[in-house]
Amino acid sequence: MKLGAIYSKEKTTFTLFSPVADSVFVIFYDKGNDSAETGRLEMMRTEGELFGIFSATAEGDLDGVYYTYEVHTSDGIFCSHDPYARACGVNGHRSMVIDLSKTDPDGFADEDRPKLADPMSMVITEVSIADVSAGASAHSRYPGKFKAFTEDKTLSYFTDMGVTHLQLMPSYDFASIDESDSLKEQYNWGYDPYNYNVPEGSYSTDPFDGAVRVREYKEMVHSIHEAGLGVIMDVVYNHTFNVHDSCFYKTAGNYFYRMLDDTNYSDASACGNEIASEKPMVRKYIIDSLCYWASEYHIDGFRFDLMGVLDIETLNEARKALLKINPDIIMYGEGWTGGESVLPESERGMKINAPKIPGIGMFSDDIRDVVKGHVFYMDELGFVNGATDRGEELKKAVTCAEWAKSPMQSINYLSCHDNYTLWDRFIISNSHESEDMRIRMNKLAASILFTAQGIPFFLHGEEFARTKISEADGAPVENSYCSPLSVNAIDYDRAEQFSELKAYYKGLIALRRAHKAFYLDTIDEIKKSVHFMDDMPDGVVAYTIDTDAEKVFVAYNAGKNKITIKLADALWEVLADEASAGDKALYTIKDQAVIPGVSCLVAVCKC
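Cut-offs applied
Residues numbered from 1 in each chain as written. Predicted model: local features only at pLDDT ≥ 70, side-chain atom pairs only at ≥ 80, totals over all residues. Heavy atoms only, no water. Disulfide = S-S within 2.5 Å. Buried < 20%, exposed > 50% of the residue type's maximum accessible area, 1.4 Å probe, protein only. Helix = DSSP H or I, 4+ residues; strand = E, 2+ residues; numbered from the N terminus. Contact = heavy atoms within 4.5 Å. Pairing = 2+ DSSP bridges. Axes fitted to C-alpha atoms, helices over the stretch in contact; angles between N-to-C directions. Salt bridge = Lys/Arg side-chain N within 4 Å of Asp/Glu carboxyl O. Domains from an automatic or database assignment. Buried area = accessible area lost by both parts, 1.4 Å probe. Phe/Tyr/Trp six-rings, centres within 6.5 Å; stacked < 30°, edge-to-face > 60°. Lys NZ or Arg CZ within 6 Å of the ring centre and 35° of its normal.

Glancing now at the state of the cysteines. In this structure the tally under the stated criterion is one disulfide. At a sulfur-sulfur separation of 1.8 Å, the disulfide partner of C605 is C607. Handedness here is read from the sign of the S-S torsion; for C605 and C607, about 95 degrees, the answer is right-handed. With no disulfide of its own, C88 has C247 as its nearest cysteine by sulfur position, at a separation of 11 Å. Exposure remark for C88: the relative accessible area of 0% places this residue in the buried category. The thiol of C291 is not disulfide-bonded; the next cysteine sulfur, from C247, is found 19 Å away.

In terms of burial, helix α7 (residues 365–372) is largely enclosed, as seven of its eight residues are buried. The inward-facing, buried residues of α7 abut β16 (361–364), α8 (391–398), β17 (410–413), α9 (422–429) and α10 (435–451). Positive backbone phi, approximately 110 degrees, marks G373, located one or two places after α7.

For the rest of this paragraph, the subject is the sheet that holds strand β13 (residues 230–235). One closed barrel accounts for eight strands, arranged β9-β10-β13-β14-β15-β16-β17-β18; its pairing is parallel. Taken pair by pair, the neighbouring strands of this sheet meet at an average axis angle of 30 degrees, ignoring direction. Two strands pair when backbone bridges link them, and β17 and strand β18 (residues 455–459) are joined in this way by three bridges, in the parallel orientation. Its bridge partner being in β18, Y413 is matched across the sheet by F457.

A word on the pattern of salt bridges. A full pass over the atoms with the stated rule returns 36 salt bridges. The salt bridge involving R303 is made with D305; its shortest N-O contact spans 3.2 Å. The network of salt bridges with common partners includes D234, R303, D305 and E334.

Segmenting the protein chain into domains produces domain 1 (4–102) and domain 2 (115–240 + 268–399 + 410–430 + 456–501). When each unit is reduced to the centre of its C-alpha atoms, the spacing between domain 1 and domain 2 is 32 Å. On the domain 2 side, the residues contacting the 21 residues of domain 1 number 24 residues. With both chains or domains summed, domain 1 and domain 2 bury close to 1800 Å², and 56% of this area falls on carbon and sulfur atoms. On the domain 1 side of the contact with domain 2, Y84, N91 and L100 bury the most area, a combined 30% of that side's loss. Linking domain 1 to domain 2 there are zero salt bridges.

Attention shifts here to the packing of aromatic side chains. Enumeration over the complete set of coordinates arrives at 43 aromatic pairs. On the basis of an interplanar angle of 50 degrees and a centroid distance of 5.3 Å, the ring pair of Y217 and W293 is categorised as tilted. One end of the pair, Y217, is in helix α3 (residues 210–226); the other, W293, is in helix α5 (residues 280–296), and 76 residues separate them in sequence. Here F458 and Y505 contribute two aromatic rings whose centre-to-centre distance is 5.9 Å and whose plane-to-plane angle is 50 degrees, an arrangement assigned as tilted. Placement of the pair is F458 in strand β18 and Y505 in helix α13 (residues 499–514), with a sequence separation of 47 residues. Here F458 and Y505 have matching classes, each one buried. Against the face of F25 rests R40, its NZ or CZ located 5.3 Å from the ring centre. Against the face of Y29 rests R94, its NZ or CZ located 3.7 Å from the ring centre.

Here it is in structure tokens:
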């Protein structure tokens, strides 16, 4: 059964799930805000297997007509936007009927989605619509808008870096930005969903016209695809921005929420509530929403915020449905919760349950923390910035964390939008070190990320020492979700200032994608192929990757002194050292490798 406003030129059928309603009306308006009701239509309770389904059909062409639902319950009358809305007016309070076919850019319907020859060769970078283009250094014609991604200079940056996929931070309609006031200084990451199936209005050039944001989102995706990049959407199905203003609560009471008792909400999201994904109509909603984005907007993959809040069956059913739309669909998320849940741990989409959700990846906080130190405790250092005794932990992390049952399940990263940027972490933890030393630490960390087995992910700007400094006190901001744009916007001038670091990231990406040894397909292959060298001092991890196609040597030296490691008697082409990295030989060595302090060396045997 299709819910929401199902449009045709002849009629539109409205269908709503409302198990708490005694009666429901569709209320019509000619504008998305500040206009009076122009008509109403009573919805009839339908007979059948599904309880609480109300439906009504309005004759004629309703394209562009705005509407809400008026839900009459024993607790009162609630006015709500449509949970299944495909379009909406400013700030999302009124839904809009839309002819989606009119919103397709030229060539969009028949476009070829980018496809990798080897899915394991993915390299993902996380971007924010606002951060990428709203800063002065971006020089965008469309600052902070979807359309910024239709500009060649925006996309050429990513294609030049060699990444394969852009993970977009929340781009559905969220609650924390007042779309009606474009002159007001406001910023939010958007992890506060309001309309799950509608693009965010503040990222469009006209949030008052419900069709504009839809068309411009598609233009963005189409342009990204034409550049040869995939689009991964950050989705937040684990909670709503609040309860009582949510369309779920207004139309279905507490049905969509997990409850501790009759009045208190379970809060595994740490945002005041959590979605009861295991309930049939909630599961249906999540799967319908994912499939809608994948089919209507050609989204190539999904990153799940606090995936541990979602139940395993829903995740598996979602993957099954999405594979029918796109056999190459990508799914991964945070394999943890933000607090305790009433959902049993054995049913949660968490790292510990990775074997139960094959094909779905999870962020490896294992590699994150062992490389740079604990994400929350600044005095707990990582391998590259002081804790040289963590070599054994690092060995486990670079060969896929123990919970991962396949390399594609391990999404390796050093920093993301959450917490401190990688560079700011070094500023805090290693303030006594020189900037040059912190750059060496950053390079070493990056070399570990891009040579580790699994799929690499990095925060846009990490490649040129992205920092988020408070204007108030000059200190790094840990979670900048509502800090001003001056803190969050990408400063592309730093790409020039730290051009050597940026070139190093670019080179590592090229190196990785050129050598299959760095992205083996199975855990068994990794166990068979990766051989760690014994008797290495603290702060040194060295190993070879021996496959049928090639033999690669990798060494990480986190100590301050150079080391010499004996190699097999053969000629080796060095692809990465303390200064440079790439897919072309820098020079050759024989018999032994000399690795300066706080650096790496990667070489391929010309055996």
